[in-house]
Each structure stands twice: as C-alpha cells, then as structure tokens.
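# Structure at a glance
Residue-level listing of the chains:
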Amino acid sequence: MLDKQIASKKFLVSPDRSMTSDARNDLENYAILGGSPMFDKPLHVNKPWAGERRKFDRYLDAAWETRRFANDGPLALELERRLEDRLGVANCVLMSNGTAAMALLLHELGISGEVILPSFTFVSTAHTLMMQGLQPVFCDVDRDSWNMSAAHCAELITDKTAAIIPTHAFGRACEVESIQAIAERAGIALVMDAAHAFDCSSNGQKIGAFGDAEVFSFHATKAFHTGEGGAVTCQDAGLAERLRLARNFGFIGHGRVNGVGTNAKMSELSAAMGLTNLDGFDASVEKNKAVYQAYVEALAGVPGISLMPFDENETNNYWYIAAQLLPEFGISRDLVMKILHAENVLARRYFFPGCHDMQPYCGMPAGTEAHLPNTEAITDTCLILPGGSEVDPQDARSICALLAGIVDNAAALAEHLRWSADQQAGSERSGSF
Ligand code: T4K
C-alpha cells in the first residue's frame, strides 16, 4: 500500500536525482497542492509505547483487589525500587509529574535568587522558577549538541546565582563535567532536567545520579512513561526523605506535619502503567533504534538536512528523531512542515520559540534582550520527525523519500505555494468587498 503511495510521488522523490526534470508539472501530487496524502493516518512525533495490555491488567488487578489506589501504594514503591536499579541511583522519588518534581526539589534545596537554565527547553522549568519567586536567567546552547553551553553558563554566574538547571535535550547528556565544575566553583546547586533522558548515559554512567539531583518527566510523550508522572533521583538519602514527605503534604504521621508540602504523589494506576512500560522498555528501545537507523541511512544522501546523532558509545533511548534543516535545503523549515503535515507526517518544531522569546519572559532583561544566537538558529531550523510506537523503519524511509523529493523540488514548491497563498489572499480580499 505504502509502496504504491510512494510510487505515485516517485517522480518527486528520485533517489538518483535524474527524474526531476518534469517535476514542476507534477507538483499537484503533493497533498498540499491537491494530491492524496502519503500516509492514510497521521504519524505523530512519538506516539506512546504502552507495553503489554495483559501485564497492565495484572498490575491493575492487584490494586483493584486491595482497593489501594494512591498514597505510596505497593505498585509505586515497587516502581521506585526498580527505577533505582535501572538507573543505578540510590533514591528515586516518584511524583505526579515532572513539573511538580522540579518545584518540590527547588523548594527542598532552599534555592533563592537567580537560576541559570537554557532557553532551549520546555517552558515548565522557567514557569516553576517564576512561581517560586526565582529569577530565570536564560543561557544559550551549543550549536552542535543543542545542550546548555558551559562556556556561556560560566559567563552568566553572578553573586546572585543560586542554581544551574541544564537539560539533557533529546536524550543527549549535557556537558555534565564542565557544568558540575562551574557549580562547584560557585558553590551553587546543580539540578539536571532529565525529562528526555530516561535510561541514557554520560561517559558510561546512567543519567539520574548527577548533580544534586535529576528530574524526570514520565509524561505519556516520553520514552518511558506512566501516563502522567515524574521523579526526582538523587544520591542524598536525606534529600529523598524530605521530598517523600513534601510530596504528601509534609505528613510524618496522622495529624503530624513537619513542614510545607503539597500533593505530588503518583497514583497506583500511573505506577501500573510505569511497571508495564518498564517490563517492555528494552523491546521499545530496540524498535526506536531500528527506526532511528532507518532515518540515518535514508537521510544520508539527502542534502541540506542533518540528523542529530546518538553516541553509540553511550546508552541511548533513541526516542527523539531530531533533525535540522540547513540553508542548502532551499526551503524554510516552516514551509517543509506544512508540506509534511499535508502528507500526514506531523513533524514538529521543538522548544519554539525559545523561552526567552515567549511571554512572559520576553519582557524581562534576561528575556528577548538576551543574545542567544545558537538558540535562535536552532529553534528556527530544527525539525523533530515522527517516531514512537506507530512508526516503523519503512515509514521512516518513506518520510525520508518525501524529504528528498521536497529538496529536489524546493524552488518550484516554494514558488507554487507562494503563488497559492497569494491567490488565496486575493480571493479573500475580493470576497470581503
Ligand atoms: N522538561 C522537559 C525538557 C520537558 O520536555 C517536559 C515536558 C518537562 C520538563 C515537564 O515535565 P511534565 O510536567 O510534563 O511531566 C508535551 C507534554 O505535556 C510535556 O510533558 C512535554 N515535556 C512537552 C514537550 O510536551 P505536547 O503539547 O507535546 O502534547 P500533545 O498533547 O500535543 O501530544 C503530542 C503528540 O502525542 C500528539 O500529536 C498526540 C500524541 N499523544 C499525546 C498524548 C499525551 C498520544 O498519542 N497519546 C497521549 O497520551 O505536550
């Protein structure tokens, strides 16, 4: 079926680049110009894995029979132990989501003042800082790794800096050692945002035990998930204990509270999802890797698009297929996305715009006025391609063939789409009189 769909566009996706001479006449085959979409149903960026349904049922049966659904139930405790083993970290404190985990951690670390974080990250961290009266200071990223630039971070340290929060973006570890050295020199806290980096490593050591603590998101869109959920992992047993109390309103016994807390507990239903996904995690990573490798091979001959590589010397989850369009691609990232979306390939921009360009941060001195050239270059050109449970290697190859066709026909497509947009604007104008 798919082969037939590709064949109908084959004059536009010629791998040998010899069949493009009359492509201009056949642009109508692109769905955005009236053709039928390459895929019958939308391919998302990372449709979640869900493990084995029967296993999920078995975990749920246990909760059902005991009527234990919340408050540090046996499934949540089992998941914590298994995650500690998997990540090689002394303590895993499950939370209701990654944002709550970050908020409680910053509170328990007693952070106050300025906090340096990359602008190229999910906005939840900046929001958490603001809600705790902390001042976000946005740092640029490295152009190649897309992770916090240690050099820029060092420049941003002041006597008000209280913490650094780098992100291990798209599962690639940040410059752990350099940033750790900066934090140690300044005598400040280091908290890692490991939302993307479940089961990934840095210099052979699993992410989870670096810095003062690391924060995971187990949202459904992550490589390992519990539906909604998150965790703080750390080596410090005292910190873990304070976090366990704080996620349950600070209760140390019935009617006894030892400090400020909130409700950030993980339910047994989420824990059941997590245990099921953990049972199937290795198999899901194998499939992710097959899709990633199909992208690597099929994009090798396509000019103007580079795929962020995973370091094969490390443990990776191969979850995000992160690409960047280079000027040679000949057509803007946003136009490419429109063309892909029409074909049911729901590629996404990521962390767009950078936090420093988003309300409310763009009004701040550290916001838009911050000079973050690498962040801006990456947010304007990165393209996250479909992966996850609904994409197989053949889909990946078809998507690459589509991209090869777009680059072959870039000028004609751009011109045609501009012309269509002008026509539409013209008819809207005439319709309004
Ligand atoms: N730090 C980083 C680096 C993060 O990426 C995140 C969260 C956090 C911290 C904070 O952690 P949490 O507090 O969220 O645990 C997502 C997620 O809500 C969020 O967890 C995630 N990062 C962020 C990057 O985006 P959307 O807006 O992408 O979700 P949505 O609804 O558009 O879904 C994406 C696609 O996946 C859709 O096309 C449909 C599909 N999908 C989604 C869900 C939720 C499914 O097929 N099934 C599903 O259950 O938000």
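Everything discussed here concerns the structure shown above.
To keep things clear, this report deals only with the structure shown in the data block. Just so it is clear, the structure is predicted and the values come from calculations on it, not from any experiment.

## Some words on the site of the ligand
Taken together, 20 residues form the shell around the ligand, and within it His-44, Thr-99, Asp-193, Ser-217 and Lys-222 come nearest. A distance of 2.9 Å separates an oxygen atom of the ligand from a polar atom in the side chain of Lys-47. Contact with the protein chains removes 71% of the 930 Å² of surface that the ligand exposes when unbound. Residues that form the shell around the ligand fall into these classes: five nonpolar, eleven polar and four charged.

## Remarks on the nonpolar core
Ile-164, Phe-170, Leu-340, Leu-385 and Ile-406 are the most contacted members of the largest nonpolar core, which has 106 residues in total. Considering each element in turn, this core owes the most residues, eight residues, to helix H13 (residues 393-408). Each residue touching Leu-340, except ones within four places of it in the same chain, is listed here: Val-345, Ala-347, Leu-383, Leu-385, Leu-402, Leu-403 and Ile-406. Ranked by size, the runner-up nonpolar core spans 35 residues in total, among them Leu-104, Ala-163, Cys-234 and Met-364.

## Some points on the sheet that holds strand E14 (residues 382-385)
One open sheet accounts for three strands, arranged E12-E13-E14; its pairing is antiparallel. Where the open sheet ends on each side, the last strands, each with one partner, are strand E12 (305-307) and E14. Averaged over all neighbouring strand pairs, the angle between strand axes comes to 30°, with direction disregarded. Bridging between E12 and strand E13 (residues 321-325) involves three bridges; their strand directions are antiparallel. Residue pairing across strands places Ile-305 opposite Leu-325, the latter belonging to E13. Lying on the sheet, helix H10 (residues 281-299) is in contact with E12, E13 and E14; it crosses E12 at an angle near 150°.

## Comments concerning the environment of Ala-101
In this structure, Ala-101 sits in helix H4 (residues 98-109). Residue contacts for Ala-101: discarding those within four places in its chain leaves Met-95, Val-215, Ala-231 and Val-232.

## With respect to the pairing of strand E3 (residues 135-139)
By the criterion of burial, E3 is predominantly enclosed, with four of the five residues buried. As defined by bridge partners, strand E2 (residues 114-118) adjoins E3 across five bridges and the pair is classed as parallel. Looking at E3, one finds that Leu-117 is bridged to Phe-138. In this region the chain leaves E2, passes through helix H5 (residues 124-131) and returns to the parallel neighbour E3; the handedness of that crossover is right-handed.

## Here we look at a nonpolar patch on the surface
A contiguous nonpolar surface patch, about 330 Å² in accessible area, is contributed by Trp-64, Phe-69 and Leu-269. With respect to the helices, strands and loops of the structure, Leu-269 is situated in helix H9 (residues 268-279). Residue classification places Leu-269 among the partly exposed positions, given a relative accessible area of 45%.

Parameters at a glance
Residues numbered from 1 in each chain as written. Predicted model: local features only at pLDDT ≥ 70, side-chain atom pairs only at ≥ 80, totals over all residues. Heavy atoms only, no water. Near = heavy atom within 4 Å. Polar contact = N/O pair within 3.5 Å; in protein donor to acceptor, adjacent residues only side chain to side chain. Areas by Shrake-Rupley, 256 points an atom, 1.4 Å probe, with all protein chains shown as cover. Nonpolar A, V, L, I, M, F, W, Y, C, P; charged D, E, K, R; others polar. Core = buried A, V, L, I, M, F, W, Y, C linked by side-chain atoms within 4.5 Å. Buried < 20%, exposed > 50% of the residue type's maximum accessible area, 1.4 Å probe, protein only. Helix = DSSP H or I, 4+ residues; strand = E, 2+ residues; numbered from the N terminus. Contact = heavy atoms within 4.5 Å. Pairing = 2+ DSSP bridges. Axes fitted to C-alpha atoms, helices over the stretch in contact; angles between N-to-C directions. Right-handed = clockwise from strand over helix to strand, strands pointing away. Patch = residues over 30% accessible without salt bridge, like charges linked within 9 Å, V, L, I, M, F, W, Y side chains within 5 Å. Salt bridge = Lys/Arg side-chain N within 4 Å of Asp/Glu carboxyl O.

Geometric descriptors of this kind do not, in isolation, establish any biological role.
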